[in-house]
Amino acid sequence: MKEKLKAIRDEAIKQIEASDALEKLNDVRVSFLGKKGELTSVLKSMKDVAPEDRPMVGQLVNETRQAIESILEETKTKLERAAREAQLKSEVIDVTLPAKKNNVGHRHPNTIAQEEVERIFIGMGYEVMEGPEVEYDLYNFEKLNIPANHPAKDEQDTFYINKEIVLRTQTSPVQARVMEQGKLPIRMIAPGRVFRADEVDATHSPSFHQIEGLVIDKNVTFADLKGTLEVFVKELFGESTKIKFRPHHFPFTEPSAEVDVSCFKCGGKGCRFCKGEGWIEILGCGMVHPHVLEMCGIDPDEYSGFAFGVGLERIALLKYEIDDMRLLYENDIRFLKQF
Ligand code: DAH
């Protein structure tokens with residue numbers, strides 16, 4: 001047994017010394033010390049050794065193992081050092097090259113515009129809330145007084161998941177969700193993504209963003225709506241901005257209006273930017289319809305309120321004078337860095 005162990009040890013050392021690469025060294029380790037290695041098979045044959053000799057043989061096996069391991073370790077360190085030196089020799093570092101710059105991203109114009117709108121309304125005591133992008137027909141249409149035969153519900157315009165579930169076409173369903181929670185008064189805005197079955201062009205995208213606003217309290221009037229939106233547009237587009245309310249129809253507000261602001265580019269004279277009109281349409285709004293209040297569990301005799309919906313891309317395009325909406329979705333860093 002003693003001779004056998006010595007033979008294994010000598011052979012191992014011979015092979016280790018002959019290894020000129022780390023992989024080869026590893027093969028040697030496995031073939032001697034591994035599960036099916038030579039030393040392991042000696043251990044397995046211990047049952048044939050006379051019981052009184054076993055401690056001595058066991059000790060010998062251990063010594064052999066330790067001896068092989070320590071030479072392996074030494075050789076491994078040597079080989080690693082050699083490999084590192086070879087690598088350093090072959091790789092020339094040009095210390096005169098300029099350092100790589102870290103590529104820092106940039107906030108998206110949508111995000112900048114959204115944060116600006118949030119800042120303005122938070123300053124007026126509003127909360128920022130959220131609703132789901134995949135929404136029930138019930139909230140997207142029904143509770144907003146939009147009847148089953150309304151053209152907006154056409155499959156040409158709305159993405160349906162199934163008969164009851166749609167990709168929300170507006171942020172207005174958040175109004176119904178917040179009113180239903182029953183906590184009054186309400187002063188909130190709800191920014192978020194909306195979806196419509198539109199073809200992509202310079203002013204349309206199947207997915208864009210809106211910011212909804214809702215105020216419900218006792219004695220809220222159209223004057224409050226006008227005052228609030230006036231503060232909003234002056235903060236957003238500048239102190240000299242004028243505001244105009246045009247009567248309009250939305251099913252969930254009565255009365256309803258569309259709001260135009262005086263063109264901040266030409267000051268209202270008419271230019272390419274406002275298509276010669278002097279005015280630019282920016283949002284829809286109105287007094288929350290009593291029937292909508294009722295459907296959301298609020299007594300219209302006690303409470304009233306106003307709502308509005310702004311297109312976020314529209315604001316970003318106007319504010320940063322971007323003339324094609326598609327640029328907003330390409331995420332080209334050279335474009336984004338301009339804002
Ligand atoms: N949801 C409307 C749209 O997508 C915009 C809107 C109009 C929202 C009037 C409102 C509102 O809250 O009162 O066209």
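A. Structural view of the site of the ligand. Taken together, 15 residues lie around the ligand, and Q170, S172, R196, Q210 and E212 are the ones closest in. The contact in question runs from an oxygen atom of the ligand to an N or O atom on the side chain of E212, over 2.6 Å. A307 has a polar backbone atom sitting 3.2 Å from an oxygen atom of the ligand. Burial of the ligand by the protein amounts to 88% of the accessible area it has alone, namely 360 Å². Elements supplying a minimum of two residues to the shell around the ligand: β5 (207-217), β8 (279-288) and β9 (304-311). Tallied by class, residues from the shell around the ligand come to five nonpolar, eight polar and two charged.

B. Summary view of the pairing of β8. Counting buried residues in β8 gives eight out of ten residues, a clear majority hidden from the surface. The pairing of strand β7 (residues 253-262) with β8 spans eight bridges and is classified as antiparallel. If you follow V259 over to β8, its bridge partner there is L283. Bridge analysis of β8 against β9 gives five bridges, and the strand direction is antiparallel.

C. A look at the side chain of S172. Here S172 is to be found in the loop between β3 (165-167) and α7 (173-180). Side chain to side chain, S172 and Q170 meet in a polar contact 3.4 Å long. Those residues in contact with S172 that lie beyond four places of it in its chain are L144, E212 and F252.

D. The arrangement of the pattern of salt bridges in detail. Within this structure, the stated rule accounts for 18 salt bridges. Note that R65 and E69 form a salt bridge whose closest N and O atoms lie 3.4 Å from each other. In this pair, R65 and E69 are both assigned in helix α4 (residues 54-90), four residues apart and thus about one turn of the helix distant. We classify R65 as partly exposed; its relative accessible area is 28%. One connected set of salt bridges, linked through shared partners, spans E116, R119 and E235.

E. Examining helix α5 (residues 109-123) more closely. For α5, spanning 15 residues, the distance from its first C-alpha to its last is 21 Å, which sits close to the expected 21 Å at 1.5 Å a residue. Turning to α5, its buried residues number three or more, namely P109, N110, I112, A113, E116, V117, E118, I120 and F121. Phi for G125, located one or two positions after α5, is positive at around 90°.

F. Expanded view of the sheet that holds β9. Taken in spatial order, the seven strands of this open sheet run β1-β4-β5-β9-β8-β7-β6, and their pairing is mixed. Of all strands in the sheet, those with a lone pairing partner are β1 (127-128) and β6 (243-250), marking the two edges. Running over the sheet, helix α8 (residues 222-237) touches β6, β7, β8 and β9 and is turned about 150° from β8.

G. Region of the structure containing the environment of T228. Residue position: T228 is located in helix α8. Taking C-alpha positions, T228 is 33 Å from V200, a pair spaced 28 residues apart along the chain. Setting aside anything within four residues of it in sequence, one finds T228 in contact with F121, M124, Y126 and F306.

H. Local environment of the pairing of β7. Burial analysis of β7 places eight of its ten residues in the buried class, the great majority of the element. Bridging between β6 and β7 involves seven bridges; their strand directions are antiparallel. What sits directly across from R246, in β7, is E258. Hairpin connection, β6 to β7: the antiparallel pair is bridged by two residues.

I. Broad picture of the domain arrangement of the protein chain. Under the domain assignment used here, the protein chain contains domain 1 (2-90) and domain 2 (109-336). Domain 1 and domain 2 are separated by 76 Å when their C-alpha centres are compared.

J. Inspection of unusual backbone geometry at higher detail. Between L184 and P185 the backbone carries a cis peptide bond, its omega angle lying at -5°. Within the secondary structure, P185 sits in the loop between α7 and β4 (186-195). Of note, N219 is a non-glycine position whose phi angle comes to about 60°, a positive value. Inspection of the secondary structure assignment puts N219 in the loop between β5 and α8. Of note in this structure, N331 is not a glycine but carries a positive phi near 55°. Within the secondary structure, N331 is located in the loop between α11 (327-330) and α12 (333-336).

K. Quick look at the nonpolar core. L229, F232, I282, L283, C285, F306 and F308 are the most contacted members of the largest nonpolar core, which has 34 residues in total. Elements with a minimum of two residues in this core: α5, β5, α8, β7, β8, β9 and α10 (312-319). Considering each element in turn, this core owes the most residues, six residues, to α8. Ignoring sequence-local partners within four residues, the contact set of C285 consists of L225, L229, F245, F250, T253, P255, S256, A257, V259, A307 and F308. Counting residues in each nonpolar core, the second largest holds 23 residues, with M129, F141, V166 and V174 among its members.

The rules we used
- Residues numbered from 1 in each chain as written.
- Predicted model: local features only at pLDDT ≥ 70, side-chain atom pairs only at ≥ 80, totals over all residues.
- Heavy atoms only, no water.
- Near = heavy atom within 4 Å.
- Polar contact = N/O pair within 3.5 Å; in protein donor to acceptor, adjacent residues only side chain to side chain.
- Areas by Shrake-Rupley, 256 points an atom, 1.4 Å probe, with all protein chains shown as cover.
- Helix = DSSP H or I, 4+ residues; strand = E, 2+ residues; numbered from the N terminus.
- Nonpolar A, V, L, I, M, F, W, Y, C, P; charged D, E, K, R; others polar.
- Buried < 20%, exposed > 50% of the residue type's maximum accessible area, 1.4 Å probe, protein only.
- Pairing = 2+ DSSP bridges.
- Contact = heavy atoms within 4.5 Å.
- Salt bridge = Lys/Arg side-chain N within 4 Å of Asp/Glu carboxyl O.
- Expected span 1.5 Å × (residues − 1).
- Axes fitted to C-alpha atoms, helices over the stretch in contact; angles between N-to-C directions.
- Domains from an automatic or database assignment.
- Core = buried A, V, L, I, M, F, W, Y, C linked by side-chain atoms within 4.5 Å.

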